[in-house]
Amino acid sequence: MIVVDTGNHIAALAAKMAKPHVIAAYPITPQTTVVERLAQYVESGELNSEFIRVESEHSAMTACIGAAAVGARTFTATSSHGLLLMHEMLHWAALARLPIVMVNVNRAIGPGWNIWSDLNDSMAQRDTGWIQFYASSNQEIFDNVIQAYKIGEDERIRLPVMICYDGFILSHTSMPVEVPKQEEIDDFLNEYKSTWQLDINNPITHGNIVPPEPYLEIRYSMEKAMKEAKKVIEEVGEEFGRKFGREYRLVEEYRCDDADYVIVTMSALAAEAKIAVDRLRDKGNRIGLIKLRTYRPFPHEYLKYDKMIVIDRAFSPGLGGIIYSEMEMDGKEVYGFIAGLGGVDINYKDIEKMYEYAKKGKDGWYGIEVK
Amino acid sequence: MIEKTAISIPTEGAMGKTGTWRVFKPILNKEKCVRCWRCWVFCPDLAISRGDYPVIDYEYCKGCGICANECPTNAIKMEREEK
């Protein structure tokens, strides 16, 4: 069935179809309509979930942790400052190995109060142990939310998963989305069985004191899961492709085969970059695109081209563009552009300009250092 | 379970012999003890059990002194541990 709706409503629909037992969320612009739509589903009886209204995002994540710790499937949604308020509990969810699924609508961080797209909110959570997906279309939002449950709940992984997408550019834009039948989703997602849970009949303590050596092992176990996740994400993406006709991997490679230059970016910028690649190809340029689907785990193995142009909608002050800074650059020519922060519009024409700059050996802050 | 996380199953000595943490040791004077069992009720480590009189398990008693504080007849004295 084709549904035409906004990114937020599509995220809510996907969450509904994954049938979480517990939803705890706090509204924040531009995520609000995700929460409103889910509350409506619960109110109307379409979704049989416990909807917990909380007083903050920190509490939203804590409520999800509590629910997940008794073995429930959970969902929440947030954005920007809300995500930052959750920060402590993001670590907790991941170290407790609870496969909570959350959508984060990317929005700039204040001050200057700004509600538009900027990936710094979620990219700053990179070390919390959450798997992170970035979507470039509403279809990808839907597909990523469904796959997130299967990936996070896989017993080789057991990590929480965040699905990120641009505020307003996707969250409030209606697009056609192919939505499978409920039975097909039920068939795709296995019933979640947690490997540990708080149970009054079999009491355990969670979050107890852990001496140094076992703590080191806990952290290493998380790293092993994150590495394993690369394999599981591709397995699940392939199975999703077989069932629903849209296959996914860690990255999407677009016209890269004979490319002299490859653009590396993610989120809505990658959709613009695809158009830029087509237009530049029409003019005889050999250029391709690697669209990162996951930022954590980071798909280094796909970024092996000699000349790459990295476009970041986020930066680490004192270092540079975040994706750019994480690239392995030995023996490669890599150009980094920081562009579109705080929702500055970046379209395919801007990306074509970045390509022209890179060819001349120039990069930097697009719109300030290079215009 | 494949994932490692911080879970502890309640068992005796899950954190080792916590008696080694002790600086002050509770000593019971049976002549003053009226067997009201307040020390048994209040011991946070279940290190006091009920015999004819309270029995203190020095393997796990951390020497917190709550029993001595709660004792209505001052039958428990905290004495510096000889090392």
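Computed from a predicted model, the values in this text were never measured in an experiment. (Residues numbered from 1 in each chain as written. Chains lettered and ligands numbered in written order. Predicted model: local features only at pLDDT ≥ 70, side-chain atom pairs only at ≥ 80, totals over all residues. Heavy atoms only, no water.)

1. Some points on the environment of Glu-79 of chain B
All names here are of chain B.
- Relative to the elements of secondary structure, Glu-79 occurs in strand β5 (residues 76-80).
- Put simply, Glu-79 and Leu-46 are 33 residues apart on the chain and 20 Å apart in space, counted from C-alpha to C-alpha.
- Those residues within four positions of Glu-79 in sequence are excluded, and the remaining contacts are Val-23, Phe-24, Lys-25 and Ile-27. (Helix = DSSP H or I, 4+ residues; strand = E, 2+ residues; numbered from the N terminus. Contact = heavy atoms within 4.5 Å.)

2. Quick look at the domain arrangement of chain A
Residues and elements named next belong to chain A.
- Looking at chain A, the domain boundaries give domain 1 (2-244) and domain 2 (251-365).
- The straight-line distance from the C-alpha centre of domain 1 to that of domain 2 is 27 Å.
- If you look at the interface, domain 1 gives 27 residues, while domain 2 gives 29 residues.
- Considering only the surface of domain 1 that becomes buried against domain 2, Met-123, Arg-126 and Lys-230 emerge as the three largest contributors, covering 26% of it.
- Taken together, the links from domain 1 to domain 2 amount to 4 salt bridges.
- A salt bridge links Asp-166 to Arg-313; its shortest N-O distance comes to 3.7 Å. (Domains from an automatic or database assignment. Buried area = accessible area lost by both parts, 1.4 Å probe. Salt bridge = Lys/Arg side-chain N within 4 Å of Asp/Glu carboxyl O.)

3. Here's the deal with the sheet that holds strand β6 (residues 131-134) of chain A
Residue and element names in this part refer to chain A.
- Across the sheet, 7 strands lie side by side as β3-β2-β4-β5-β7-β6-β13; this open sheet has mixed pairing. Each having just a single partner strand, β3 (50-53) and β13 (294-296) make up the two edges of the open sheet. Looking at each pair of strands side by side, their axes are set apart by 20° on average, direction ignored.
- Together, β2 (22-25), β3, β4 (74-79), β5 (101-106) and β7 (161-166) form the strand contacts of helix α2 (residues 32-44), whose direction differs from that of β3 by roughly 135°.
- On the sheet, helix α8 (residues 212-244) packs against β6 and β13 and is oriented at approximately 40° with respect to β6. (Pairing = 2+ DSSP bridges. Axes fitted to C-alpha atoms, helices over the stretch in contact; angles between N-to-C directions.)

4. Points about the pairing of strand β17 (residues 333-338) of chain A
Residues and elements named next belong to chain A.
- With 5 of its 6 residues buried, β17 lies for the most part within the structure.
- Of the pairings in the sheet, the one linking strand β14 (residues 307-312) to β17 comprises 6 bridges and is parallel in character. Paired with Lys-307 across the bridge in β17 is Glu-333.
- Both β17 and strand β18 (residues 364-365) contribute to a ladder of 2 bridges, which runs parallel. Within the sheet, the bridge partner assigned to Phe-337 lies in β18 and is Gly-364.
- Note on the crossover from β17 through helix α11 (residues 348-359) to β18: the handedness is left-handed. (Buried < 20%, exposed > 50% of the residue type's maximum accessible area, 1.4 Å probe, protein only. Right-handed = clockwise from strand over helix to strand, strands pointing away.)

5. Description of the interface of chain B and chain A
- Between chain B and chain A, the residue contacts involve 11 residues of the former and 18 residues of the latter.
- Buried area between chain B and chain A, summed over both chains or domains, comes out near 1300 Å², and the portion from carbon and sulfur atoms is 63%.
- By the criterion of area lost to chain A, the three top residues of chain B are Glu-3, Lys-4 and Ala-6 of chain B, representing 43% of everything that side buries.
- Residue Glu-217 of chain A is joined to Lys-4 of chain B by a salt bridge in which the shortest nitrogen-to-oxygen separation is 3.8 Å.
- Put simply, chain B and chain A have 9 residue pairs in polar contact (both at pLDDT 80 or more) between them.
- Split by residue class, the side of chain B that touches chain A holds 7 nonpolar, 2 polar and 2 charged.
- Pairing of strand β9 (residues 205-206) of chain A with strand β1 (residues 7-8) of chain B, which is carried by 2 bridges, proceeds in the antiparallel orientation. Along β1 of chain B, the bridge assignment pairs Thr-205 of chain A with Ser-8 of chain B. (Polar contact = N/O pair within 3.5 Å; in protein donor to acceptor, adjacent residues only side chain to side chain. Nonpolar A, V, L, I, M, F, W, Y, C, P; charged D, E, K, R; others polar.)

6. Comments concerning the pairing of β5 of chain A
All names here are of chain A.
- Most of β5 sits out of view: 6 of its 6 residues are buried.
- In β5, alternate side chains face the same way, and those of Val-101, Val-103 and Val-105 on one face and Met-102, Asn-104 and Asn-106 on the other are all buried.
- Strand direction decides the pairing type here: β4 and β5, joined by 5 bridges, are parallel. Along β5, the bridge assignment pairs Thr-78 with Asn-104.
- In this view, the connection linking β4 to its parallel neighbour β5 by way of helix α4 (residues 80-95) has right-handed handedness.
- Relative to β7, β5 runs parallel, the two being bridged by 6 bridges. Counterpart to Val-103 in the pairing with β7 is Ile-163.

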